[in-house]
Amino acid sequence: MRLVVVGGVAAGLSAAARARRIDRSLEIVVLEKGEDVSYAACGLPYLVEGRVRAAEQLVVYTAGHFRRERNIDVRTSTEVVAIEHARRRVVLRGGDSLPFDRLVVATGARPDTTGIAGAGLPHVFTLHTLRDGVRLRDFLREKRPRRAVVAGAGYIGLEAVEALRARGLDVTLMFPGHDLLGRHDPELARVLIAHIERFRVDVRAEQPLRSAAALDTDLVVLATGLKPNVELAAEAGANLGPTGAIQVSDRMETSLGSVYAAGDCAETTHLVTGRAVYLPLGTTANKMGRVAGATAAGARERFPGVVGTSVVRVCGLGVAVTGLSKEQARQEGFEPVAARIESGDRARYFRGRPTTVELVADRRTGRLLGGLVLGEDGAAGRINVVATALHHRLCVDDFEQLDLAYAPPFAPVWDPLLIAAQQLQKAM
Ligand code: FAD
């Protein structure tokens, strides 16, 4: 029995490792078109910044490690150009083919630079692969650019802004509309823009980039969104979902027998709305990959979906979100009520720093729908509490009673989450 995995980063190698753990006799082959496998793309902004000194530090395991320690045959520089499902084989660039009994598609996503002229110029970069990060870091070292433009205000764009400012460049951030982090939250956008401007970044909202060539700058980073790599699976006949990514069940089954998909190439379910959603993140890719590997190896495991939790540091400020913003909740047909509070993140006499919490709930049912935490410290920990509440469909009155930890070095006696819940209760 042979399992073939296409893609050798988060989802692909999680799938391979899980399948190996479940079935020691399975033959497992991972095919990766690039030269690197199992690296932490999430660390790329810190490689650019210089905080991570060597690209190798971002490599979790090498292909050799997988071969030696796990009996997984990882082949780099090996691109799959077609899946012949009826013949149960993949075709490789160069013409060879490889039969499979089970197949995991973990082909990830690619930066979407559609419609941007000059994307291939030597001073224009995306930040997606390890090679991208190394290329940008080397350009900074060798050319010593002074001015940079970052296009796109998703989390990768904002992390790029921070990294380039930390290296002393004059940075302009430009993006279409007024929305940051795709959250449809005008108040969050206002606060973040003001914060970024305090770091002497020139922020230009409502400025979609059409031509990188036309910019008068030394360096451009395109962080203009992601496109799932679905072509391989779609051409083989796998169904795409409403988001345009590969449709999978909670066991990562595609519409093709014995073919599974996971990670940034696939969609998942939003547990607050119950709808399909495309939220490409490393944390999700690892979990989906694990379930794809388990299913391919014959075990019964599930990945029910996500509540949309993420955290990003923006010029020193932790920005953590989960679930829906008020506007997103309204668009989903809820009757949202929100409460936003500012409070200290620990006891005042323990150098408590300001933290902002917003909670959103549905007026009709009292169910919590989403949350936001901004703060220098503790934003991730607090948003994880809200994420847990969303997973368990808690109502505001339950949430308000949570027994959260308190001691002066860690939190104030009334945690900001509980203060926000009280305010929300009043508002409702
Ligand atoms: P990928 O990592 O894209 O890997 C897919 C692999 O498939 C690629 O190596 C590709 O070469 C290979 N492939 C594609 N087609 C073929 C083919 N036909 N044949 C062979 N191989 C093929 N997530 C978080 O949760 N938190 C973070 O803080 C965070 N920060 C990030 C920062 C940056 C700068 C970036 C770029 C990403 C970040 N992410 C973060 C997202 C996270 O890195 C991705 O969600 C994750 O890497 C997705 O894993 P994947 O295996 O699905 O896809």
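Residues numbered from 1 in each chain as written. Predicted model: local features only at pLDDT ≥ 70, side-chain atom pairs only at ≥ 80, totals over all residues. Heavy atoms only, no water.

## Considerations on the sheet that holds strand E5 (residues 89-92)
Consider a sheet: its strands pair through backbone hydrogen bonds, and that pairing is either parallel or antiparallel.
Okay, step 1: Strand order in the open sheet made by the 3 strands is E4-E5-E6, with antiparallel pairing throughout. In the strand order of this sheet, the two ends are held by strand E4 (80-84) and strand E6 (97-99), each with one partner. Each strand of the sheet is rotated relative to its neighbour by a mean of 20°, with strand direction disregarded.
Okay, step 2: Sheet topology note: the E5/E6 ladder contains 3 bridges and is antiparallel. Looking at E6, one finds that valine 91 is bridged to serine 97. (Pairing = 2+ DSSP bridges. Helix = DSSP H or I, 4+ residues; strand = E, 2+ residues; numbered from the N terminus. Axes fitted to C-alpha atoms, helices over the stretch in contact; angles between N-to-C directions.)

## Details of the domain arrangement of the protein
Okay, step 1: The domains assigned to the protein are domain 1 (2-34 + 76-110 + 227-296), domain 2 (124-224) and domain 3 (310-427).
Okay, step 2: Domain 1 and domain 2 are separated by 31 Å when their C-alpha centres are compared. (Domains from an automatic or database assignment.)

## Examining the nonpolar core
Okay, step 1: In terms of nonpolar packing, the biggest core is built from 53 residues, with Val90, Leu103, Val104, Val105 and Ile246 touching the most fellow members.
Okay, step 2: Excluding its chain neighbours within four sequence positions, the residues that come into contact with isoleucine 246 are Val105, Val230, Ala233, Asn239, Leu240, Gly241, Thr254, Ala261, Cys265, Ala266 and Glu267.
Okay, step 3: Grouped together as the second largest cluster of nonpolar side chains are 43 residues, Leu44, Leu136, Ala163 and Val203 included. (Core = buried A, V, L, I, M, F, W, Y, C linked by side-chain atoms within 4.5 Å. Buried < 20%, exposed > 50% of the residue type's maximum accessible area, 1.4 Å probe, protein only. Contact = heavy atoms within 4.5 Å.)

## Quick word on helix H8 (residues 282-296)
Okay, step 1: Its 15 residues give H8 an end-to-end C-alpha distance of 21 Å, which sits within 8% of 21 Å, the value for a rise of 1.5 Å per residue.
Okay, step 2: Where H8 is concerned, the buried positions are Thr284, Ala285, Met288, Gly289, Val291, Ala292, Gly293, Ala294, Thr295 and Ala296.
Okay, step 3: Where the residues of H8 are buried, they touch strand E1 (2-6), helix H1 (10-22), strand E7 (102-105), strand E15 (259-261) and strand E16 (268-269).
Okay, step 4: The first or second residue beyond H8 is glycine 298, which carries a positive phi of 95°. (Expected span 1.5 Å × (residues − 1).)

## Some words on helix H12 (residues 416-427)
Okay, step 1: Here H12 contains 12 residues, and its C-alpha end-to-end distance of 16 Å stays within 8% of the 16 Å for a straight helix at 1.5 Å per residue.
Okay, step 2: Taken together, the buried positions of H12 are occupied by Pro416, Leu417, Leu418, Ala420, Ala421 and Leu424.
Okay, step 3: The secondary structure elements touched by the buried residues of H12 are strand E20 (336-344), strand E21 (354-362), strand E22 (368-375), helix H10 (379-391) and helix H11 (396-399).
Okay, step 4: N-capping of H12 is provided by aspartate 415, with a side-chain oxygen placed 2.9 Å from the backbone N of leucine 417. (Polar contact = N/O pair within 3.5 Å; in protein donor to acceptor, adjacent residues only side chain to side chain.)

## Examining the pairing of strand E13 (residues 219-222)
Okay, step 1: In E13, alternate side chains face the same way, and those of Leu219 and Val221 on one face and Val220 and Leu222 on the other are all buried.
Okay, step 2: Pairing analysis gives 3 bridges linking strand E9 (residues 124-126) to E13, with the strands arranged parallel. Counted as the bridge partner of threonine 126 is leucine 222 from E13.
Okay, step 3: Relative to E13, strand E10 (residues 147-151) runs parallel, the two sharing 4 bridges. Residue valine 150 lies in a different strand from E13, and its bridge partner there is valine 221.

## Brief notes about unusual backbone geometry
Okay, step 1: For serine 77, which is not glycine, the phi dihedral falls at a positive 50°.
Okay, step 2: Turning to its location among the elements, serine 77 is positioned in the loop between strand E3 (73-75) and E4.
Okay, step 3: Judged by relative accessible area, which is 53%, serine 77 ranks as exposed.
Okay, step 4: Phi at arginine 144 is positive, roughly 50°, even though this residue is not glycine.
Okay, step 5: Assignment of secondary structure puts arginine 144 in the loop between helix H4 (130-143) and E10.

## Side note on the side chain of histidine 85
Okay, step 1: Among the secondary structure elements, histidine 85 is positioned in the loop between E4 and E5.
Okay, step 2: Residue class for histidine 85 comes out buried when judged on its relative accessible area of 17%.

## What to know about the pattern of salt bridges
Okay, step 1: With the rule as written, the count across this model stands at 31 salt bridges.
Okay, step 2: Ionic pairing is found between glutamate 335 and arginine 364, a salt bridge with its closest N-O pair at 3.5 Å. Here the residue glutamate 335 occupies a position in the loop between helix H9 (326-331) and E20, and arginine 364 occupies one in the loop between E21 and E22, the gap between them amounting to 29 residues.
Okay, step 3: Looking at glutamate 335, the relative accessible area reads 33%, which means it is partly exposed.
Okay, step 4: Taking the relative accessible area as the measure of exposure, arginine 364 reaches 53% and is therefore exposed.
Okay, step 5: Put simply, aspartate 345 and arginine 353 hold a salt bridge, and the shortest N to O gap is 4.0 Å.
Okay, step 6: Arginine 353 gets classed as partly exposed once you look at its relative accessible area, which sits at 23%.
Okay, step 7: Linked by salt bridges that have partners in common, Asp345, Arg346, Arg353, Glu376 and Asp377 make up one network. (Salt bridge = Lys/Arg side-chain N within 4 Å of Asp/Glu carboxyl O.)

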